Amino acid sequence: MKSLKRIILTTGVMISLFGAPIVQNNPLMDYMNSMTTITAMAAEAYSDNWSIDSNGTWHYYMNDGSLCTSAWVHDNGQWYLLDASGNMLTGVVKSNGGKYYLLDTVRGTGTYGKMLKNGSVYNGVTISASVNADDEGSLSADTIAQLRAANVNVDNVPNVENTKHVEGGVVVFANTPTQTPTPQPTPSTSQETPSEDPTDTSDEIEFNLPGDGSNIQFE
C-alpha cells in the first residue's frame, strides 16, 4: 500500500511538473529538489548500526565500532539474532536454553530478519509463541510441528546460546555462561581418620611399675 501511495504521488507530481511553466523560480521545482529520494533499502526500518555485506548478510556494529556477536539486538521495536560470527540469522533458530524462534526470511518487508511474534503468519502457519518477557517469541510445540509439515527446516537449525542483549549500540545485559562447579577431590583411604567404635567407652591407662616389670592396666 505504501508503494502504491508513492507511485500515485510521484505520478501526480510529474504531471504537475510537466504542466507547469519551467522558469528559474518555479516553486514546484524547488519542492521537487527538496524531496528525499525513497529507495527500497531506506524503507527497511533499521538503525544506522546495521551494515549489509556483498553477500546480502546483515551485521550490527556497536557504538565503539566493534562487530556485535552472539546477541539479541532490540532495534526499532523488533528483535534480531546475531550468531558468534556477527551474522544476522533468519529462519528457525534455537536460543535461550534450546527454545525455538522464527526469524523473518522475507526481504523487502522493512524488517527482514525480525523475530516473528505470537499471531504472525509465516508460510500459511499462524504462529503460536510465548508472550512472556523472558522468552517472548519462543515457538509452541504445535507451531513447530506445523512448520515442519509446511517443509520449513526446524530440525537442523543454528543454536546460539549465552547471548547478550544489545540496544542502541550498547550492551544492556551481558548473559555470561553458567559456571560448572569444579569437583572436589575425594580423600583417599590413607587420609581418612579411622573411625572409633561408638560402643567402646573404656579409657585405658597403663602404668609401668618398678619391681618384677609387670604392667597393671586400669579400665
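Everything below is about the structure printed above this text.
None of these values were measured; they are calculated from a predicted model.

Caption draft 1: A look at unusual backbone geometry. In this structure, Asn96 takes a positive phi of about 55° despite not being glycine. Looking at the secondary structure, you find Asn96 in the loop between strand S5 (91–95) and strand S6 (99–103). Given a relative accessible area of 34%, Asn96 falls into the partly exposed group. Phi angles above zero are rare outside glycine, and Asn123 is one such case at about 50°. Take Asn123: it is sitting in the loop between strand S7 (121–122) and strand S8 (125–126). Its relative accessible area of 54% is what places Asn123 among the exposed residues.

Caption draft 2: Up close: helix H3 (residues 141–149). The set of residues buried in H3 consists of Thr143, Ile144 and Leu147. Along the axis of H3, the buried residues cluster in a sector spanning 100°; they form a single face. The exposed set on the far side of H3, more than 90 degrees from its buried face, consists of Ala141 and Ala149. Next to the buried residues of H3 lie S5, S6, S7 and S8. Phi for Asn151, located one or two positions after H3, is positive at around 65°.

Analysis parameters
- Residues numbered from 1 in each chain as written.
- Predicted model: local features only at pLDDT ≥ 70, side-chain atom pairs only at ≥ 80, totals over all residues.
- Heavy atoms only, no water.
- Helix = DSSP H or I, 4+ residues; strand = E, 2+ residues; numbered from the N terminus.
- Buried < 20%, exposed > 50% of the residue type's maximum accessible area, 1.4 Å probe, protein only.
- Arc of directions from axis to C-beta.
- Contact = heavy atoms within 4.5 Å.

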